[in-house]
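# Observations on chain architecture
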Amino acid sequence: ADRALTALFAWAAEQPATEQGTIIVQHYQLIARLQAAITQSTRRFEASGGFKADGALGMVPWLRNNARLAGNDAAQQVRVARQLAELPRTEEALARGEIGYGHALAMAVTAEHVGPAEVRKVEDTLLKSAEVMDAGRFVTVVKDFEHRVDAQAFLAEANWAHRHRYLSISGPFNGLARLEGQLMPEAAALLRSALEPYMKPAKDDD
């Protein structure tokens, strides 16, 4: 593997600058394929209990100690590995580099929320969307699907968000005022529209 990567780096360095854009896309596809391999290995290693040999209590602490992942990233990796076992077409798309890890994570989270059986019913349709949009936009697609499947959960989420919204603007301190808050999407859009004309640097202001 090290030899192959060294050869890849050398080959990429020899290509003209005008070709680097294509190479960047190819490298991201390679990363997605490697993520699929990591996901499969994580699932198999956890099922085998191999992490216990290193004194770890579970896969998450094992990944933190051995793969040097942050706790949230380690938990996320295990979460994806477990859920993709029930979504083989999603895992296959990741292994082919047709979707990115962010898309696979969104599918895994949705499967966790509504159950993999519900996701499998529309998996092909969701994957077609994932192939043509970035992971951020795709999250909105799977969220919309979740809400259609479980309207009660959507209502609970909306009520939670409504209770936790706030906006505060502190008084000036050292010549600056602090703006902080959490807004409902509609309110955030209105605030962004109002502020955007003033967010561009003025002339001679870097």
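Along each chain, the written sequence defines residue order, and numbers are assigned to residues from 1. A pLDDT threshold of at least 70 governs which residues receive local features in this predicted model, and a stricter bar of 80 or more applies before side-chain atom pairs are shown or counted, although totals over entire chains, interfaces and linings include all residues. Side-chain calculation: all heavy atoms of the structure are included, whereas hydrogens and water are not.

Only one rule defines a salt bridge in this text: a Lys or Arg side-chain nitrogen within 4 Å of an Asp or Glu carboxyl oxygen. With the rule as written, the count across this model stands at 10 salt bridges. Taking the shortest distance from any N to any O, the salt bridge between Glu46 and Arg82 comes out at 2.5 Å. With Glu46 in helix H2 (residues 20–48) and Arg82 in helix H4 (residues 71–84), the pair connects residues that are 36 residues apart, well separated along the chain. For every residue, the accessible area obtained with a 1.4 Å probe (protein chains only) is divided by the maximum for its type, and the residue is called buried under 20%, exposed over 50%, and partly exposed between those limits. Arg82 sits in the partly exposed class, given a relative accessible area of 48%. A salt bridge links Lys121 to Glu118, with the nearest nitrogen and oxygen atoms 3.3 Å apart. Put simply, DSSP marks the helices as runs of H or I at least four residues long and the strands as runs of E at least two long, and each gets a number from the N terminus on.

Turning our attention to the nonpolar core. Each nonpolar core is a collection of buried residues, namely Ala, Val, Leu, Ile, Met, Phe, Trp, Tyr and Cys, held together in the definition by side-chain atoms within 4.5 Å. Counting residues in hydrophobic clusters, the biggest one holds 25 residues, and the most contacted among them are Leu94, Ile99, Met107, Val119, Leu126 and Phe138. For this core, the secondary-structure elements that each account for two or more residues are H2, H4, helix H5 (88–95), helix H6 (101–114), helix H8 (123–130) and helix H9 (135–149). Contacts: residue pairs with any heavy atoms within 4.5 Å of one another. Look past the residues within four positions of Met107 in its chain and what remains in contact with it is Leu87, Thr90, Val119, Glu123, Leu126, Leu127, Phe138 and Val142. Core analysis: the next-biggest nonpolar cluster, separate from the first, contains 7 residues, Ala56, Trp62, Leu63 and Val78 among them.

What follows covers helix H3 (residues 59–66). Listed as buried for H3 are Met59, Trp62 and Leu63. The arc that holds the buried residues of H3, viewed along the axis, is 95 degrees, so those residues lie on one side. In this fold, the buried residues of H3 make contact with H2 and H4. Directions pointing from the helix axis toward each C-beta atom define the arc.

Moving on, we get to the confidence of the model for the protein chain. pLDDT: the predictor's confidence for each residue, scored from 0 to 100. Taken residue by residue, the protein chain gives an average pLDDT of 89. The fraction at 70 or more is 98%. In the model of the protein chain, helix H10 (residues 151–163) stands out as the element of lowest mean pLDDT, 73, in contrast to H5, which has the highest, 96.

It is worth spelling out a nonpolar patch on the surface at this point. Patch membership needs two things, relative accessible area over 30% and no salt bridge, and members are linked within 9 Å if like-charged or within 5 Å if nonpolar (Val, Leu, Ile, Met, Phe, Trp, Tyr). Every accessible area reported is derived by Shrake-Rupley at a probe size of 1.4 Å, with residue values counting cover from the shown protein chains alone. A cluster of nonpolar side chains, namely Leu167, Ile169, Leu179, Leu183, Leu195 and Met199, defines an oily patch on the protein surface of about 580 Å² accessible area. Along the chain, Leu183 turns up in the loop between strand E2 (179–182) and helix H11 (185–195).

Now for the environment of Glu92. Tracing the chain through its elements places Glu92 in helix H5. Residue classification places Glu92 among the partly exposed residues on the basis of a relative accessible area of 41%. On a C-alpha basis, the gap between Glu92 and Ala36 in space is 7.9 Å, while along the polypeptide they are 56 residues apart.

Axis geometry follows a simple rule: fit a line to the C-alpha atoms, using only the stretch in contact for helices, then measure angles between N-to-C directions, giving values from 0 to 180 degrees. In contact at an axis separation of 9 Å, H8 and H9 are set at 155 degrees when each is read in the N-to-C sense. As summarised for this structure, H8 and H9 are arranged roughly antiparallel, according to the angle between their axes. Considering how the two elements wind past one another, H8 and H9 form a crossing that is right-handed. From H8, Leu126, Ser129 and Ala130 reach across to H9, where they touch Phe138, Val141, Val142 and Phe145. Roughly parallel covers angles under 35 degrees, roughly antiparallel covers those over 145, roughly perpendicular covers 65 to 115, and oblique covers all other angles. Handedness of a helix crossing follows the sense of rotation of the near helix relative to the far helix, less than a right angle counterclockwise being left-handed and clockwise being right-handed.

Another aspect to go through is H9. Multiplying 1.5 Å by the residue count of a helix minus one yields the expected span of that helix. Given a rise of 1.5 Å per residue, 15 residues ought to cover 21 Å, and the 21 Å separating the end C-alpha atoms of H9 matches this to within 8%. Among the residues of H9, Phe138, Val142, Phe145 and Glu146 are the ones counted as buried. The buried residues of H9 occupy an angular sector of 100 degrees when projected down its axis, which confines them to one face. The exposed residues of H9 that point more than 90 degrees off its buried face are Thr140 and Arg148.

Looking now at unusual backbone geometry. Phi is positive for Arg68, which is not a glycine, with a value near 60 degrees. By the element assignment, Arg68 lies in the loop between H3 and H4. Exposure remark for Arg68: the relative accessible area of 66% places this residue in the exposed category. Phi is positive for Asn174, close to 55 degrees, though the residue is something other than glycine. On the secondary structure map, Asn174 appears in the loop between strand E1 (166–169) and E2.

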